[in-house]
Amino acid sequence: MTQVWVNGQAMASVSPFDRGLAYGDGLFATMRVGPEGIAFFDAHMQRLQQGAARLGLDWHLSPELAALLHRLGAAHPHQCIKLVITRGVGGRGYAPPTPCHPTEIVSLHPIPEHYADWQRQGIRLCTSGVRLGRQPLLAGIKHLNRLEQVLIRSAVLPDGIDDWLVKDSHRLLISSSMGNLFFVRENQVFTPALTACGVAGVMRAQVIMALADLGFNVIVADLNEDFLHYASHVFVTNSLFGIVDVLAIDRVNYPRAQFTASLRQTLALIL
Ligand SMILES: C=C(O[C@@H]1C=C(C(=O)O)C=C[C@H]1N)C(=O)O
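In this text, all values refer to a predicted model and were calculated from it rather than measured experimentally.

About the criteria used
Residues numbered from 1 in each chain as written. Predicted model: local features only at pLDDT ≥ 70, side-chain atom pairs only at ≥ 80, totals over all residues. Heavy atoms only, no water. Helix = DSSP H or I, 4+ residues; strand = E, 2+ residues; numbered from the N terminus. Rg over C-alpha atoms; globule rule 2.2 N^0.38 Å. Buried < 20%, exposed > 50% of the residue type's maximum accessible area, 1.4 Å probe, protein only. Contact = heavy atoms within 4.5 Å. Phe/Tyr/Trp six-rings, centres within 6.5 Å; stacked < 30°, edge-to-face > 60°. Domains from an automatic or database assignment. Buried area = accessible area lost by both parts, 1.4 Å probe. Salt bridge = Lys/Arg side-chain N within 4 Å of Asp/Glu carboxyl O. Polar contact = N/O pair within 3.5 Å; in protein donor to acceptor, adjacent residues only side chain to side chain. Core = buried A, V, L, I, M, F, W, Y, C linked by side-chain atoms within 4.5 Å.

Observations concerning the overall build of the protein chain
Part 1 of the argument: Looking only at helices and strands, the protein chain has eight helices and 15 strands in total.
Part 2 of the argument: Here the protein chain has a C-alpha radius of gyration of 19 Å; the compact-globule value for 271 residues is 18 Å, and the two agree.
Part 3 of the argument: The C-alpha extent of the protein chain, read off along each of the three principal axes, is 50 × 40 × 35 Å.
Part 4 of the argument: Counting every position in the protein chain, which comprises 271 residues, the buried fraction comes to 51%.
Part 5 of the argument: Sequence-distant contacts in the protein chain: of pairs separated by 6 or more residues, those separated by 24 or more amount to 70%.

So this is what it looks like as structure tokens:
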């Protein structure tokens, strides 16, 4: 059974009037536990803090929550810890309560077994018919409103396809259903800007820094569909599967990049 803590209490429940439930009014982080605790813990907390500021949600990491997360991280290597922060209990309408008392939900999960295969073998993507709406106020943060992703993942993947490529309503390339995209061409690596929609993943930020250290010119920009043909290699990142090579998108095939394996090694991402 999934283990869960609500506001530090094991197996406690959440109010039916919690705004996370009513409006998706909150944020979340999905963190991989490596051999030495939660990977990129500070970066995850920083992104939650930035998301909270964007939503005007008065949340700060407390020593108690940090201690619980670190304790779980130490006790459950190679698992996934999910942290959900909501604005807490509110009345019936949209207007946020002041002050708010955020709800913190921590849960422990296995890492999907096929992610190790994805790392070893690479994956194939196919374009989703669901396009993301553009909302700069929410772009980049990992807020709880994920109905677009639910619609994307509700469709049955064609045979031999592992995940969806997701575009926005302007047909710009944004992400896979759950990871950030990188397109390689010679010494340049391009990744979508995510200023109108999408989630700026913690792994994306780590990979951007590591690529710069390796001497790549990393370009964060709006990318149109031409990039599918312009790129010689493509890979996708998220906090659980780390870095996964993309072998094909629709009818375009890509050889695996030489450097992604060593990047996985450098960032300690190997599953
Ligand atoms: C949906 C969740 O998180 C997203 C999905 C994954 C994943 O399935 O690999 C990883 C990180 C998130 N972008 C979740 O339930 O944690």
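Quick notes on the packing of aromatic side chains
Part 1 of the argument: Under the criterion given, the structure shown has 11 aromatic pairs.
Part 2 of the argument: Between F183 and F227, the aromatic rings sit 6.4 Å apart at their centres with planes inclined by 65 degrees, giving edge-to-face as the arrangement. You can see F183 sitting in strand β10 (residues 180–185) and its partner F227 sitting in helix α7 (residues 227–230), a full 44 residues away along the chain. Judged on exposure class, the residue F183 and its partner F227 are both buried.

A look at the domain arrangement of the protein chain
Part 1 of the argument: Domain boundaries in the protein chain define domain 1 (3–111) and domain 2 (115–266).
Part 2 of the argument: For domain 1 versus domain 2, the distance between C-alpha centres works out to 25 Å.
Part 3 of the argument: The contact between domain 1 and domain 2 buries some 1600 Å² in all, and 68% of this surface belongs to carbon and sulfur atoms.
Part 4 of the argument: Of all residues in domain 1, the largest losses of buried area upon contact with domain 2 belong to F28, R47 and R54, amounting jointly to 38% of the total for that side.
Part 5 of the argument: In this assembly, domain 1 and domain 2 are joined by zero salt bridges.
Part 6 of the argument: Here domain 1 is connected to domain 2 by eight residue pairs in polar contact (both at pLDDT 80 or more).
Part 7 of the argument: Of all the secondary structure elements, the ones that give two or more residues to the side of domain 1 that touches domain 2 are α1 (19–23), β3 (26–34), α2 (41–55) and β5 (79–86).

Quick word on the nonpolar core
Part 1 of the argument: Of all hydrophobic cores here, the largest spans 24 residues; its most connected members are F183 and I249.
Part 2 of the argument: Among the elements of the structure, α4 (114–121), β7 (123–127), β10, α7, β13 (233–238) and β14 (242–249) are those that each provide at least two residues to this core.
Part 3 of the argument: Leave out the neighbours within four places in its chain, and I249 touches L125, L165, F183, L228, V234 and Y254.
Part 4 of the argument: Counting 23 residues, the second largest nonpolar core, distinct from the first, contains M31, M45, L48 and I85.

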